[in-house]
Structures are given as structure tokens and as C-alpha cells.
Amino acid sequence: MKRIIPLLAVPLLLTACGLRPVYGGGANGTVAQALGHVEVQPIAGKNGWLMRNALNDRLAAMQQGGSGPRYKLVVKLDDQISGFGLRSDAAVTRERRTLRARYQLVDEATGAQLLDDSAGSDAGIDVTSSEFATIAAEDTALERLSQTVADQIIARLALYASRDTAP
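In short, a report on the structure. (Residues numbered from 1 in each chain as written. Predicted model: local features only at pLDDT ≥ 70, side-chain atom pairs only at ≥ 80, totals over all residues. Heavy atoms only, no water.)

The next subject is the overall build of the chain. Per the secondary structure count, the chain includes four helices and four strands. Seen in sequence order, the chain has helices and strands lined up from the N terminus as α-α-β-α-β-β-β-α. Counting the 167 residues in the chain, one finds 31% classified as buried. Taking the contacts inside the chain whose residues are at least 6 apart along the sequence as the reference set, 64% of them involve residues at least 24 apart. (Helix = DSSP H or I, 4+ residues; strand = E, 2+ residues; numbered from the N terminus. Buried < 20%, exposed > 50% of the residue type's maximum accessible area, 1.4 Å probe, protein only. Contact = heavy atoms within 4.5 Å.)

One can find Gly36 in the loop between α2 (30-35) and β1 (38-40). Of the residues examined, Gly36 reaches a relative accessible area of 12% and is grouped as buried. Placed 22 residues apart in sequence, Gly36 and Arg58 show a C-alpha to C-alpha distance of 9.8 Å. With residues up to four places along the chain from it excluded, the contact list for Gly36 reads Met62 and Gln63.

The next thing to look at is the sheet that holds β1. Strand order in the open sheet formed by four strands is β1-β2-β3-β4, and the pairing between neighbours is mixed. A strand with exactly one partner marks an edge of an open sheet, and here the two such strands are β1 and β4 (113-126). Taken pair by pair, the neighbouring strands of this sheet meet at an average axis angle of 25°, ignoring direction. Pairing of strand β3 (residues 92-107) with β4 involves 13 bridges; the strand directions are antiparallel. Considered in β4, the bridge of Leu105 is made with Leu115. Sheet contacts for helix α3 (residues 45-60): β1, β2 (71-86) and β3; angle to β2, the most-contacted strand, approximately 130°. (Pairing = 2+ DSSP bridges. Axes fitted to C-alpha atoms, helices over the stretch in contact; angles between N-to-C directions.)

This paragraph deals with the nonpolar core. Considering soluble globular proteins, one finds that nonpolar side chains tend to be buried as a cluster. Counting 35 residues, the largest nonpolar core has Leu35, Met51, Leu55, Leu73, Val75, Ile153 and Leu157 as its most contacted members. Where this core is concerned, the elements lending two or more residues are α2, β1, α3, β2, β3, β4 and α4 (131-164). Among the elements that line this core, the one with the most residues is α4, at 11 residues. Not counting chain neighbours up to four residues away, the residues in contact with Val75 comprise Ile43, Met51, Leu55, Ala101, Arg102 and Tyr103. (Core = buried A, V, L, I, M, F, W, Y, C linked by side-chain atoms within 4.5 Å.)

Here it is, written out as C-alpha cells:
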């Protein structure tokens, strides 16, 4: 009985501190409703195609038709590969792929910029004697980075929507 009482007090303490779930209300919640009306603008290049698809995959779960897009998400990417880890013959043995995204959330009706932020991540790549294997590893790293950066962007948009629509 002594162990149950503290467990029962935890939900009361959490509500007292103002902590509430971001996606509270599910598909009918304010955050899901706001994110369901975001349209991702086209992004140039292969990395842009991967990023746009990753963002649309995450936003599609919240879209419910209705009045169409209220916001547009403009994303600009910076994708770099740098070599390091040199052998004695000056050959690169390791690469780092860095993907940075600067994104802006724009209100369709007024054209006002609501959010201007950036997200990014990097991945290490082993350079092998096979050029095909190295290119495949670079492509796989880009796919993973696109997913990671898309998660960061959606989390930041959800946080913005929860704060913007908070009572």
C-alpha cells in the first residue's frame, strides 16, 4: 500500500506542473490539425527529393482533407561530404556527410513568416577500396540523414503549433 500511494500521486503532480502531451487529442487535436494543413514546397536535387518525401510522409498521417493547405514549408538544404582519416599514402579512409536544412513556415493567407529555424545532422562513412561500396554508403547516409532531419523539423513544427494554439 505504501508503494501504490506515490504512484497515484505522479499523474497529479504532472498535471500541476503544466506538462501536457504535444499530440493530445489525437487527429482532432490542435497540433495535428495545424500540421495537417502544411504543404511542403519542392526542394531542388536528389537530397531535396528525399527530404520532401520524408516530410510529406510524416505530415500525411495528420492530413484530413478539408480546406487545403494553410501553411507552406520552404526548405533549403546544405549537403556536404568532407574527407578525413588519412592513411600514410594520403588516401581518405573516412568521410563525414553533413545535411543541414534551413526551413521557414509561411502563412498562405498573409504571406507572414511564422517560423524560421534550422535543423541538421551528420553521419560517418567508411571509404573502402570499392568505389561502388563507397557511393552506396554515401547514398544510404543521405537517406538516413533525410529521415533524421525531417523528424527534427516536424518536432519543431509541432512544438510551435502547440505553443501558438495554447490557451
